[in-house]
Structures are given as C-alpha cells and as structure tokens.
Amino acid sequence: MDADQLPRKQYYMNLLLLAYQSFGVVYGDLSTSPLYVYKSTFSGRFRRYQNEETVFGVLSLIFWTFTLIPLLKYVTIVLSADDNNEGGPFALYSLLCRHAKLSLLPNQQAADEELSSYYRNGFAAHNGSSPWLRRFLEKHRKIKTVLLLIVLCGASMVIGDGILTPAISVLSSMSGLQVRATGLQERSVVLLSCIVLVGLFALQHQGTQKVAFMFAPIVIIWLFSIGGIGLYNILHWNPKIYQALSPYYMVKFFRMTGKDGWIALGGILLSMTGSEAMFADLGHFRSASVRVAFVTIIYPCLILQYMGQAAFLSKNIFHMRTSFYDSIPEPVFWPVFVVATLAAVVGSQAVISATFSIVKQCHVLGCFPRVKVVHTSRWINGQIYIPEINWILMVLCVAVTVAFRDTTLIGNAYGIACMTVMFVTTFLMALIVIFVWQRNILFALVFLVFFGSIEAVYLSSSLMKVPQGGWVPLVLAFIFMSVMYIWHYGTRRKYQFDLQNKVSMRSILSLGPSLGIVRVPGIGLIYTELVTGVPSIFSHFVTNLPAFHEILVFLCVKSVPMPYVSPDERYLVGRIGPKEYRMYRCIVRYGYKDVQRDDDNFENLIVMSIAKFIMLEAEDVSSASYDIANEGRMAVITTTDSGIPLAMRDFDGLADSMTTRSSKSESLRSLQSSYEKESPSVTRRRRVRFELPENDDMGQQVKDELMALVEAKHAGVAYIMGHSYIKARRSSSFLKKFAIDVGYSFLRKNCRGPSVTLHIPHISLIEVGMIYYV
C-alpha cells in the first residue's frame, strides 16, 4: 500500500469512529424527539382538531421544519462556521472578536493577530464587503455590550437545555410503562424518572469518551428500531402518508386551524430540538463526522418514524396521548420500551456535554466564575467534566421533573429555550458571513431573513405558552445571564482600574536598580492581568514587603478568543526598564480549549523563555542601550529545543535540592520538605538544574545576565499575587453598588481562587491584600 493511501485510510477510519461516537453524545436528544412531538402538538385547545387532514398537515410541517433547520441550516451551513473545530454561541462570538474589534476587554494585542490560527484561511483584514458596518460596530460600546448580552442569552439557554432535556426525555420514556401497566400511578413514574436522572448525572465523571462508547450502540439500535417501526406503520396503516410531504398540506393546515394552528407550532418545534447540540458539541468530535452520521442514519430514520406515527394516528386518532407507544407492534413492545428508556438517558447526554463546553468557554473568556474543569480524555482536549455545574444541573432537573410531572408543560419550557438558542445562532451567523467569510451583506441578509423568519414564527408560538411552564427557561436564563454579566462586568472594571493606575516608568527609573529596597536571591513571579505597563499593585508590594527578589517577572496568563494556541507561539517575553534592573514581562497565552496543566514544568519554561529572550536581544543591535520609547516591545519565544541557551539536567531526591544555593532558612526548607512529602502533585513536578553551557561566542554581559537568572532559579521561585477586594465608589449608582458590592463580591468569595486555578504551589505563594475602588 502506498504511503499516501495509508493516511487516507487512517483518516476515514478515524472519521467513522468519531461518527460512531457522535451517536452517543450529539444525537441522543434529537433522536428521542418522536417520544413527545405529536403528544405536545395535539394538546390544549388543539385537541378538537384530531382528524386525518390535521395529522397530514402536522407531518408536512415536521418534515419541512426538520429539513430546513437541522439539515439545511445546521448540517450544511452552520457547521462550516466552526472555530477551529469548536462550536456553540461563544465559538461564533470568539470568531467575531478576532475578525472585528468587538471584545469589551481591552487586553488584545497586535501580537495576538500574528498567531497562526488567529484568522481563518484566506481572510484579509482590510478586505470585506462592509467596512462601514465594521467601523460602526467597533465604534459604539453600547452595541458591543448588546452583542455580548445576546451571546450570554444564548449560552444561558444552552444551560437551560441541560436542565430541561433530561427531564422531558426520561419522563417521556418512563410514561410508556402506563400503556401496559395501567394501574401504575403518576407519582411512581415520576419517582422512577428521578432515580434514572440521578444515575445519569452520577455517571458524568466517567468522561464523554467512555459515555459515548457505552451509549452509541443504544442510540444506533434505537434509530434502526424506530425507523423500522415507522416503515411498518406506513405499510400497515396508511401507505398514502407520503403525500403529506407536499407543502400543500401545510397551507391547508393553517387554513383549517388558524390561530390554534400557529399556537400548535410550539409542539412541532420539538422535532428539531437537539439540533444546536450538533454545533455546541463540535469540540468533542469533528464537523465531517457529525455530518456523516446525520445524513446517513439520523435523517432517514427519524423521517420514517414521524411518517409511520402519522400513518398510525390517521387511522387511530384517539390514541394521540400515547401515540408513540401505541404504534409499536405488540410482540416488540417491551424490547423497544427498554431501548427507549436507555435512549432517553442518552438523549440527555448531548446537552449535558454541550453545557460543560459552553460553561468552559464562558469561564475562559471572562464571563463565568472560576470553576473546576476536569479533562476526562488524555487525547481529546474538548472532552471535559465540571463537577459544580453537573450537580447544579442534577438538582434543578429533578426539581423540574417533580414540580411539573407532565411532558407537555416541560415541552413548553423546552421549546422556548431551544428556539432562543437557534435564533441567537442565526443572528451571529449573519455577522460571521459578513466579517469572517467576507461575503456580500446581501448573503447575510438572505440567511438572516430566511431562517430568522422561520425561527421567529416558532419562537412567537412558544412564547404564548409562558404561563403553562414556558416561564422556567426565562427565569433560568435571567439568573445565569445575571451571574455571567456581573462577573464579566466586575472583571472588566478591575482591569480598567489597573489600566488607568499603572505605575509610570519614570518613577521606577527614579528608584534605581535596587528599586529602593533590598534585592534577595530568587525569582519573583508577579501575577498581573495587564499586558503592558506595571500594575498599581506593584507599588503596594514594594510598600508592604521588606525585600524583593533579584529577578522580577511580571507574568500575565491571558486567554485569547480562539480555541488553541500553539506551544511555539504561547510565550511573549519583553524587558521592563534597563538591563541592570533585572525586570521582565512574560505573557502566556492560552485558547479557551487549551489545558492549563500543573505538571507542564511551568517554572522551567518561563526561565527558558527569558533566557532565549536575552539571547535574541543580544543579537539586536538597537537594544544595546535602553530607550524608554521602546518600552513594551516583546518577542515570541518558541518552546522547541532549537537554540537552547541553557542546559537542563534532571536530578532526583530532595537532598540534591537542599545542596543548591538557596535563600530559604533551615526551618523554611524543613517545612517545604514535609509539604512536598504530603503533596503528591508537588513531588510529581520535574526537578531540573540549569547550567550555563560553555560558549565562547557569548558576550560577557549576556553571560552575566544568564548566570544571574540561573542562580536566581536555583535559589527558589516565589509566586506573588494581589488578594484584591473590589468595591464600588460611594458616588456610584445603586445598581452598580449592588452589582459590585453584592453580586461580584458573593461570586468571588464562593468560586475557586485564582491561585488554585493557576495551579500555584501553596508553599511558594505570597499574597498581598489590596482594595480596588471602581
């Protein structure tokens, strides 16, 4: 076999494997919709339209809705707008923020735009069909705020889906017991549903990959089962049901039913719920695998099932309430019931995984409090589990199930959540067409008007059912949006305070190389969110600490609006002040899907990056003398082994580390020894000793600076952070005081601390308190 054929064969094998796994995660929700679509449609006042012509009209609407939204909009168009194989409202928002300056956090740098995957292939910043629209959006801050709120609304509704989908899927499947066990009471069905739901959420810590492998066969068996049953019902009950695929029956449907038919759309839209999961779960799989699975199996099997159920109802019109289970042939009822129950559990997995992905994106882009993110796959970064969100979803999901006990009421709530997310995606996609794909604005308008009008009709219908359960997603969305926006607002105000109160370089230069205090051996990593200048908290450190380290590194761990940053482009290093000050700036850039591990030899990579910067700077003649005008210049430092200025030698054992030069006292070293023995995560860290290679080509000044860096590293590294308290000014409005002093303060106190999120060893951490009045 040729060498080029082998990778192609491997590609198709991986594609089929991912397509197989996608059934267990992406399509569980979409494939269980037949359990409750017809029941939810023929409810309320629409029960009086139970006749054959109405059934034909409902099927026609289901067919064209399912064809236009999931197939045409999502599979054909929206999946092409992935952000480096990432999907969801925030992936679209991050794409927009990179191709137009729409982000509210002013920490973007020109160097970020030079990242290899920052722009889509073929994008040219100065091209585009509507430069006037770009300038208009970038100029008005209120429009940026509205855009962010729209994205947060979509993200909040995805989280709402994560609560409502398990409730309606599991309750619908368990209600099938009442078809055969007629004496079974409703509270027993609710209790069994709650037990299944608790088990489902308890399983999440196993990870998406394991869950997908367990669940994929169930969904595939379920799809072939309902497809086969649908085909049987078509042939057995009404072979002429195929005529309902004509749009003529949609027109006839609205002529017959009028306003009641419009309200009934709130039930029909449930046939496409789960479509957004195809896009939101893209990070777990790939767009090609999701497309293959949908076109080959999902679409034909579900269309056959909807047609078969309609054929059954056209001849058994009074079986509407339990139409799905009544349409199952007697000999296969119990096997199909078991598979239906399992498939309903799987259906919940799609939106639970999507919820984890959305929360992680929100968190990294500064719109969600810090939470624990567990990466469940060593090979696929997108597969994550968030314990706090998992248990919140479980509690709310069980509460909704117990409170409503009826799939029709839950369906009303579910429809509003799904249609809102779809409408947000349509709006963002129109902007993507203009700014990212750089197509004519007419294409964006056609997309927005065509799909937006369809979704607006469905959304308006579902909003009519707000009193009948539809208020639930609105309340949940308001709560989650408030949390997200308050966190983002507090983060932004804190950053703006630092930006406006930076320490001037002239005042630092006036202190001299010692900075007016004692400089002791060691490296001090000062964490800051600023990408330029010296933060105001530095003067607070100098005032409160009796001494400072010989080497000072202002370290900014920053998220950029893209999924992944290549390790060779992650580190930006520059110098602060003249060389004798021994002060550097290091910016570490991560994408919203990158894994920030605590075993990546972070300290060693920082030291090596600074050493490489010193070597690069020595080659630049213009940097021989300090010029305050050049302050802020930075260089991208690769982490590959080429051109390493320092030699690293591994050494084991605590005794070796004790023999190195250290500024720590005997008691502190003894304390560190016991801490490392008790902390497995610390003892797993790679122990290295840097050495200066013998290189005659190296200048004496460079050699001295590198030697100072090596000795400081051996003396020890301290992490210095500001423990900030943010308060609103007395002159602030009541709303701002409530947001900052109550909302943001509560969230900050009850989320994970920044030192835990950044994996900072507790024994090496120095925190200095400071109050921000914003």
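The structure this text deals with has already been given above.
Residues numbered from 1 in each chain as written. Predicted model: local features only at pLDDT ≥ 70, side-chain atom pairs only at ≥ 80, totals over all residues. Heavy atoms only, no water.

Asks: Teacher, can you tell me more about the overall build of the protein here?
Replies: Scanning the protein for helices and strands turns up 29 helices and 11 strands. Residue burial in the protein is summarised as follows: out of 774 residues, 56% are buried. (Helix = DSSP H or I, 4+ residues; strand = E, 2+ residues; numbered from the N terminus. Buried < 20%, exposed > 50% of the residue type's maximum accessible area, 1.4 Å probe, protein only.)

Asks: Just checking my understanding: could you explain helix H27 (residues 700-715) for this structure?
Replies: Since the α-helix advances by 3.6 residues per turn, residues separated by three or four positions end up pointing in the same direction. Helix length check: H27 (16 residues) gives 22 Å between terminal C-alpha atoms against 22 Å at 1.5 Å per residue, within 8%. Looking only at H27, the buried set comprises Val 702, Glu 705, Leu 706, Ala 708, Leu 709, Val 710, Ala 712, Lys 713, His 714 and Ala 715. (Expected span 1.5 Å × (residues − 1).)

Asks: Would you mind showing me how to read the environment of Arg 291 here?
Replies: By the secondary structure assignment, Arg 291 is in helix H14 (residues 287-315). Accessibility expressed as a relative area gives 23% for Arg 291, which makes it partly exposed. Other than its neighbours up to four places away in sequence, Arg 291 contacts Tyr 27, Val 75, Thr 76, Leu 79 and Ser 80. (Contact = heavy atoms within 4.5 Å.)

Asks: So what exactly am I meant to see when it comes to the packing of helix H4 (residues 52-77) against helix H18 (residues 407-435) here?
Replies: Helices that pack against each other are described as a pair by the angle of their axes relative to one another and the distance between those axes. Running from amino to carboxyl end, H4 crosses H18 at an angle of 40°, the nearest separation of the two axes being 13 Å. Taken together, the axis directions place H4 and H18 in an arrangement best described as oblique. By crossing handedness, the relation of H4 to H18 is classed as left-handed. For the pair H4 and H18, contact is made by Ile 69, Lys 73, Tyr 74 and Ile 77 and by Met 422, Thr 425, Thr 426 and Met 429, respectively. A class-by-class count of the residues in the contact of H4 with H18 yields five nonpolar, two polar and one charged. (Axes fitted to C-alpha atoms, helices over the stretch in contact; angles between N-to-C directions. Parallel < 35°, antiparallel > 145°, perpendicular 65-115°, else oblique. Left-handed = near helix turned anticlockwise from the far one by under 90°. Nonpolar A, V, L, I, M, F, W, Y, C, P; charged D, E, K, R; others polar.)

Asks: What should I look at first to understand the pattern of salt bridges in this one?
Replies: Between side chains of opposite charge, pairing is possible as soon as their charged atoms come close. One pass over the full model with this rule turns up eight salt bridges. Here Lys 494 ties to Glu 529 by a salt bridge, and the two come within 3.8 Å at their closest N and O atoms. Taken together, the positions of Lys 494 in helix H20 (residues 466-500) and Glu 529 in the loop between strand E3 (518-527) and helix H22 (537-544) put the pair 35 residues apart, joining distant regions of the chain. With a relative accessible area of 12%, Lys 494 lands in the buried category. (Salt bridge = Lys/Arg side-chain N within 4 Å of Asp/Glu carboxyl O.)

Asks: I keep staring at the sheet that holds E3 and nothing clicks. Help me out?
Replies: Consider a sheet: its strands pair through backbone hydrogen bonds, and that pairing is either parallel or antiparallel. Within the open sheet, the seven strands sit side by side as E7-E5-E6-E4-E3-E10-E11. Their pairing is mixed. Only two strands of the sheet have a single partner each, and these edge strands are strand E7 (634-637) and strand E11 (765-773). Direction aside, the axes of adjacent strands within the sheet are offset by 25° on average. Across eight bridges, strand E4 (residues 547-559) lies against strand E6 (residues 583-590) in parallel orientation. Bridge pairing in E6 places Leu 555 opposite Cys 586. Seen against the sheet, helix H23 (residues 602-619) touches E3, E4, strand E5 (571-575), E6, E7 and strand E10 (717-727) and runs at an angle of roughly 55° to E5. (Pairing = 2+ DSSP bridges.)

Asks: When you look at the side chain of Lys 39 in this model, what are you seeing that I'm missing?
Replies: Note on placement: Lys 39 falls in helix H3 (residues 37-41). Leave out the neighbours within four places in its chain, and Lys 39 touches Met 320, Arg 321, Asp 406, Thr 407 and Thr 408.

Asks: Help me understand the packing of aromatic side chains in this model?
Replies: We describe a pair of aromatic rings using the distance from one ring centre to the other and the angle between the two ring planes. If you walk through the whole model with that rule in mind, you get 34 aromatic pairs. When the ring of Trp 222 is compared with that of Phe 324, the centres are 5.6 Å apart and the planes differ by 45°; the resulting orientation is tilted. You can see Trp 222 sitting in helix H10 (residues 208-237) and its partner Phe 324 sitting in helix H15 (residues 323-326), a full 102 residues away along the chain. You can call Trp 222 buried: its relative accessible area is 0%. Classification of Phe 324 by relative accessible area gives buried; the value is 3%. Relative to Tyr 385, the ring of Phe 356 has its centre 5.8 Å away and its plane inclined at 85°; by these criteria the two rings are edge-to-face. Here Phe 356 is found in helix H16 (residues 333-364), whereas its partner Tyr 385 is found in strand E2 (residues 384-385), with 29 residues between them in sequence. Residue Phe 356 is classed as buried on the basis of its relative accessible area of 2%. Members of the aromatic cluster, joined through ring pairs, are Phe 23, Tyr 27, Tyr 38, Phe 66, Phe 294, Tyr 299 and Tyr 306. (Phe/Tyr/Trp six-rings, centres within 6.5 Å; stacked < 30°, edge-to-face > 60°.)

Asks: How should I be thinking about the packing of helix H17 (residues 387-404) against H20 in this particular structure?
Replies: Axis separation between H17 and H20 bottoms out at 12 Å; the angle between their running directions is 160°. One finds that H17 runs roughly antiparallel with respect to H20. As for how H17 packs across H20, the hand of that crossing is right-handed. Across the interface between the two elements, Leu 396, Val 400 and Phe 404 of H17 pack against Gly 469, Trp 471, Val 472 and Leu 476 of H20.

Asks: Before we go on, may I ask you to explain the environment of Leu 71 in this structure?
Replies: Mapped onto the elements of the fold, Leu 71 is located in helix H4. Judged by relative accessible area, which is 21%, Leu 71 ranks as partly exposed. Note: C-alpha distance between Leu 71 and Met 272 (201 residues apart in sequence) is 9.9 Å. When neighbours within four sequence positions are excluded, Leu 71 is seen to be in contact with Phe 66, Thr 76, Phe 294, Val 295 and Tyr 299.

Shape is all these values report; function is a separate question.
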